[in-house]
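So the chains spell out like this:
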Amino acid sequence: MEMKDWLILSKLGEKRTISEVSKEVFMSQPALTYRINNIEKELELKLFTRNKKGIVPNKQGEIIINYAKKMISEWENVKANIYSSAKLVKGILKIGASPAISQFILPKLLSSFITDYPEIEFKLVTGFSDDLTEKFSTNEIDIAFLRDNISIQKKKKLVSKEHIYVVSLGEIDITDLPNLTRIEYTTNISLRMLIDRWWEERYNIPPKNTMKVDGLETSLKFIREGLGYAILPGLCLSESPDLNKVKMQFINRTSLERSTWLYTSETSSQKEIIELFLEYMDNFGAFKQTW
């Protein structure tokens, strides 16, 4: 089989629909289906079952998928060693980051880095801590920007802290929040628990929630339309000087803060590129200490 086949098998282990995998490997759905059928013919085994939800690997399919991932990893190791011996700054860096980091930090940082090192490719995975931690632990990503301090045996460092704010279009009385409309958005469970703890300390009734949106940027648009207030981390407010922001504190005057931790793999085949990227990130000043 060709390396393309190993890539397809690897992607089939991550995705459950032909349409999703076809986009990932830049093939039409009929061409991808044809290639999968040829793989099964070559092995003389049925590897997948099809149903309404997508394509599901059977026991033999799981075995070949795991082997495909090992083949890709070994090939990346070989390429990294070749480039290193030839003193070439070249390779693929796989980064995982939370939605906020992906939206408000990485675009400018990666754009600048790619300009200086055009031979380095990036693969970016956006998600919350649970999903990214799993991908990091299985070496699917080399670097992870997580919003939680995870207890895993990996190299890590604190790269920033940020305050949490009540954000609104105009000034509001924070004691009146239970009577005002809160705009909820999908976020990490650790932030949700921190906000809930703050709320329960101050109020004896639940918040007035009338809408839930998909993310930070959507909540900012809703705030600008005067549809309610939201509780947001300072990182996403760097480009919103027009909005009213009230720094949140517990009753003992301790500020609500959120940290960003950087985890790096010490066994990755792209170790030299990781070190280069970390040095570049520090010099670029991508992360302030506090927002």
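Residues numbered from 1 in each chain as written. Predicted model: local features only at pLDDT ≥ 70, side-chain atom pairs only at ≥ 80, totals over all residues. Heavy atoms only, no water.

Trainee: Before we move on, can you summarise the overall build of the protein with the specific residues and values?
Mentor: Looking only at helices and strands, one finds 10 helices and 11 strands in the protein. For the C-alpha atoms alone, the extent of the protein along its principal axes is close to 70 × 50 × 35 Å. For the protein, the proportion of contacts with a sequence separation of at least 24, taken over those separated by at least 6, is 72%. On the protein, roughly 15,900 Å² of surface is accessible, and the fraction owed to carbon and sulfur atoms is 51%. Side chains of the protein carry 41 positive and 39 negative charges; the gap between the two charge centres is 2 Å. (Helix = DSSP H or I, 4+ residues; strand = E, 2+ residues; numbered from the N terminus. Contact = heavy atoms within 4.5 Å. Areas by Shrake-Rupley, 256 points an atom, 1.4 Å probe, with all protein chains shown as cover. Lys, Arg positive; Asp, Glu negative; His and termini not counted. Charge placed at Lys NZ, Arg CZ, Asp CG, Glu CD.)

Trainee: Outline the layout of surface pockets, supporting the account with residue identities and numerical values.
Mentor: Taken as a whole, the second largest pocket encloses approximately 320 Å³ of empty space. What lines the second largest pocket is a set of 13 residues, and nearest its centre among them are Leu 7, Ile 72, Glu 76, Ile 92 and Lys 123. For the lining of the second largest pocket, the secondary-structure elements that each account for two or more residues are helix H1 (3–14) and helix H4 (59–85). (1 Å grid on protein atoms, 1.4 Å probe; cavity = no way out; pocket = protein on both sides within 12 Å on 5 of 7 lines; lining within 4 Å. Points joined across faces, edges and corners; volume = space filled by probe spheres on them.)

Trainee: Lay out the nonpolar core with the relevant residues and their values.
Mentor: Membership of the largest hydrophobic core comes to 52 residues, with the highest contact counts inside it found for Leu 106, Ile 143, Phe 145, Trp 198, Leu 232, Phe 277 and Met 281. Ranked by residue count, the leading element in this core is helix H10 (residues 271–284), at 6 residues. Not counting the four nearest positions on each side in its chain, Leu 106 is found in contact with Ile 95, Ala 97, Ile 101, Ser 111, Leu 124 and Phe 145. The next biggest cluster of nonpolar side chains, apart from the first, holds 18 residues, and it includes Ile 39, Leu 47, Phe 48 and Ile 64. (Core = buried A, V, L, I, M, F, W, Y, C linked by side-chain atoms within 4.5 Å. Buried < 20%, exposed > 50% of the residue type's maximum accessible area, 1.4 Å probe, protein only.)

Trainee: Now, about helix H9 (residues 216–224): what can you tell me, with residues and values included?
Mentor: Every buried residue of H9 is accounted for by Leu 216, Ser 219, Leu 220 and Ile 223. Down the axis of H9, the buried side of the element spans an arc of 100°, and every buried residue falls inside it. Looking at the buried positions of H9, the neighbouring elements they touch are helix H5 (99–104), strand S6 (155–168), strand S7 (181–185), strand S8 (208–213) and strand S9 (230–233). Where H9 ends, the next residue or the one after it, Gly 226, has phi of about 75°, a positive value. (Arc of directions from axis to C-beta.)

Trainee: Before we move on, can you summarise the environment of Asn 77 with the specific residues and values?
Mentor: Among the secondary structure elements, Asn 77 is positioned in helix H4. Along the backbone, Asn 77 and Ile 251 are 174 residues apart, and their C-alpha atoms lie at a distance of 53 Å.

Trainee: Before we move on, could you go through the pairing of strand S5 (residues 143–146) and cite the residues and values that matter?
Mentor: The alternating pattern of S5 places Ile 143 and Phe 145 on one face and Ala 144 and Leu 146 on the opposite face, and all of these are buried. In this sheet, S5 lies alongside strand S3 (residues 91–97) in parallel orientation, the contact comprising 3 bridges. Bridged to Ala 97 within S5 is Phe 145. (Pairing = 2+ DSSP bridges.)

Trainee: I'd love a proper account of unusual backbone geometry, names of residues and values included.
Mentor: Phi angles above zero are rare outside glycine, and Phe 26 is one such case at about 60°. Here Phe 26 lies in the loop between helix H2 (18–24) and helix H3 (29–43). Exposure remark for Phe 26: the relative accessible area of 78% places this residue in the exposed category.

Trainee: Explain the environment of Asp 5 to me, using residue names and the numbers behind them.
Mentor: Tracing the sequence through the fold places Asp 5 in helix H1. Among all residues touching Asp 5, those that are not within four sequence positions of it are Arg 35 and Ile 39.

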